[in-house]
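The residues making up each chain are set out below.
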Amino acid sequence: MMMAPLGPHVPVLLTPIISAATPVAGIWLDGTFGAGGYARALLDAGADRVIGIDRDPEALRFAAAWAGNYAARLDLRAGRFGDLAQIAAEADATRLSGVVLDIGVSSMQIDRPERGFSFQKDGPLDMRMEQAGPTAADLVNGLGERELADVLFQYGEERASRRIAHAIALDRRGAPFETTLQLAGLIERLLPRPKPGQPHPATRSFQALRIAVNDELGELVRGLSAAEEVLAPGGLLAVVTFHSLEDRIVKRFLQARSGAAPRASRHAPEVKAEAARFDPSPRKAILPTESELLANPRARSAKLRLARRLASPAGRVDPAALGLPEIAIRGGAT
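Predicted model, so just to flag it, every value in this text is computed and none were measured. (Residues numbered from 1 in each chain as written. Predicted model: local features only at pLDDT ≥ 70, side-chain atom pairs only at ≥ 80, totals over all residues. Heavy atoms only, no water.)

(A) Molecular detail of the packing of helix H11 (residues 216-230) against helix H12 (residues 244-257). In the contact formed by H11 and H12, the axes pass within 10 Å of each other and the chain directions differ by 25 degrees. In terms of orientation, H11 and H12 fall into the roughly parallel class. Of the two possible hands of crossing, H11 and H12 adopt the one that is right-handed. On H12, the residues that touch Glu-216, Leu-217, Leu-220, Val-221, Leu-224, Ser-225 and Glu-228 of H11 are Leu-245, Glu-246, Ile-249, Val-250, Phe-253 and Arg-257. For the contact of H11 with H12, the residue count by class is eight nonpolar, one polar and four charged. (Axes fitted to C-alpha atoms, helices over the stretch in contact; angles between N-to-C directions. Helix = DSSP H or I, 4+ residues; strand = E, 2+ residues; numbered from the N terminus. Parallel < 35°, antiparallel > 145°, perpendicular 65-115°, else oblique. Left-handed = near helix turned anticlockwise from the far one by under 90°. Contact = heavy atoms within 4.5 Å. Nonpolar A, V, L, I, M, F, W, Y, C, P; charged D, E, K, R; others polar.)

Quick look at the structure:
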């Protein structure tokens, strides 16, 4: 199959990551390798070795054209970053100097209509990063109306989730949803036309389906926990997020692991604080500069959170406490 040409992929918030990591040394893990922008920058800055993980087989295939320039210093592995502790152990690297995670869809995926991530070009309603397992079309056509509404609301924060799910349930009785523009067109007809500067009406729904297909938030929680396990004291955790659901999980994780987690209520019983395992620095998220936004408009919603690993042993992470949505799938299509 002929593939569409790749669009430019620019690593987001790279400068503050390298600045915080300087002097760069030791073994690093890039858990969302993509086009390799972070891995190459770390290697060029002095990292002894970078382990690059990606669940998308195309990313590793594309890297073959240049990975040889770094010889054994670049160690590419197929897999999910939620399994990064196991992958690091297999690579004989259990105490890392840094872990970088760039969460969400990459330009390499969204710019290829045949991958089905974009509502701007027609393609199969797919969205699978690993190109295996159930597709977005399977969810759209197979979930019950209530379950589909829950997915759109919980993973996309779509306020019109019930209206969209109801319209999908009616339309798919005549013919299943098979393409991106077929679904995007339905949503466009349902929702108000966006004002200048506002996102496309299908943005939240496509985000929700992509997250559900790839279990992205579950992977994020597992990846944060695994990073805590493998980082050496003083090691740097750098996480780039692109929407509030991701950033909220990372923020709550770092609050909890730094001993600064807020109590749910002043009336709630006092909970003994756990030993701090990370030192977030800075405490607030780092945003793109104006110059980066001009050079790379896709960075507009990005946030970077940095934290240094402390010496306390790794502990158990409670996904519910981090705000991971729980969606119960109760039945088939209606």
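(B) Focus on the sheet that holds strand E5 (residues 231-241). Spatially, E3-E2-E1-E4-E5-E7-E6 is the arrangement adopted by the seven strands of the open sheet, whose pairing is mixed. For this open sheet the edge positions go to strand E3 (74-78) and strand E6 (278-280), each flanked by a neighbour on one side alone. Averaged over all adjacent pairs, the angle separating strand axes in this sheet is 20 degrees, with direction ignored. Note that strand E4 (residues 96-102) and E5 share six bridges and pair parallel. Bridge pairing in E5 places Val-100 opposite Ala-238. Contacting strand E1 (27-30), E4, E5 and strand E7 (303-309), helix H1 (residues 14-21) crosses the sheet at an angle of about 15 degrees to E7. Against the sheet, H11 contacts E4, E5, E6 and E7, and its axis sits at roughly 160 degrees relative to E5. (Pairing = 2+ DSSP bridges.)

(C) The arrangement of the packing of helix H7 (residues 145-156) against helix H8 (residues 161-171) in detail. At their nearest, the axes of H7 and H8 sit 8 Å apart, and the two run at 140 degrees to each other. In terms of axis orientation, H7 runs oblique to H8. Considering how the two elements wind past one another, H7 and H8 form a crossing that is right-handed. When H7 is examined against H8, the residues Glu-145, Leu-148, Ala-149, Leu-152 and Phe-153 are found in contact with a partner set consisting of Ser-161, Arg-162, Ile-164, Ala-165, His-166, Ile-168 and Ala-169. Looking at the contact of H7 with H8 residue by residue, the classes come out as eight nonpolar, two polar and two charged.

(D) Representation of the packing of aromatic side chains. Per the stated rule, a full pass over the model turns up four aromatic pairs. Between the aromatic rings of Phe-119 and Phe-206, the centroid separation amounts to 5.4 Å while the plane-to-plane angle is 85 degrees, which identifies the pairing as edge-to-face. Here Phe-206 lies in helix H10 (residues 203-214) and Phe-119 lies in the loop between helix H5 (107-110) and helix H6 (136-142), a separation of 87 residues in the sequence. Like Phe-119, the residue Phe-206 is buried in the burial classification. What links up through ring pairs into an aromatic cluster is the set Phe-33, Trp-66 and Tyr-70. (Phe/Tyr/Trp six-rings, centres within 6.5 Å; stacked < 30°, edge-to-face > 60°. Buried < 20%, exposed > 50% of the residue type's maximum accessible area, 1.4 Å probe, protein only.)

(E) A look at the environment of Val-317. Residue position: Val-317 is located in the segment after E7. C-alpha separation for the pair Val-317 and Leu-293, spaced 24 residues apart in sequence, amounts to 34 Å. Setting aside residues no more than four positions away along its own chain, Val-317 makes contact with Val-221, Ser-225, Phe-253, Arg-257 and Leu-322.

(F) Region of interest: the pairing of strand E2 (residues 49-54). The element E2 is largely enclosed, with a buried count of six among its six residues. Of the two faces of E2, the one lined by Arg-49, Ile-51 and Ile-53 and the one lined by Val-50, Gly-52 and Asp-54 are each fully buried. As paired strands, E1 and E2 are joined by four bridges and run parallel to one another. Its bridge partner lying in E2, Asp-30 is registered against Gly-52. With five bridges connecting them, E2 and E3 associate as parallel partners. Each bridged residue has a counterpart across the sheet, and for Ile-53 the counterpart in E3 is Arg-77. In this region the chain leaves E2, passes through helix H3 (residues 57-63) and returns to the parallel neighbour E3; the handedness of that crossover is right-handed. (Right-handed = clockwise from strand over helix to strand, strands pointing away.)

On their own, these measurements won't tell you what the molecule is for.
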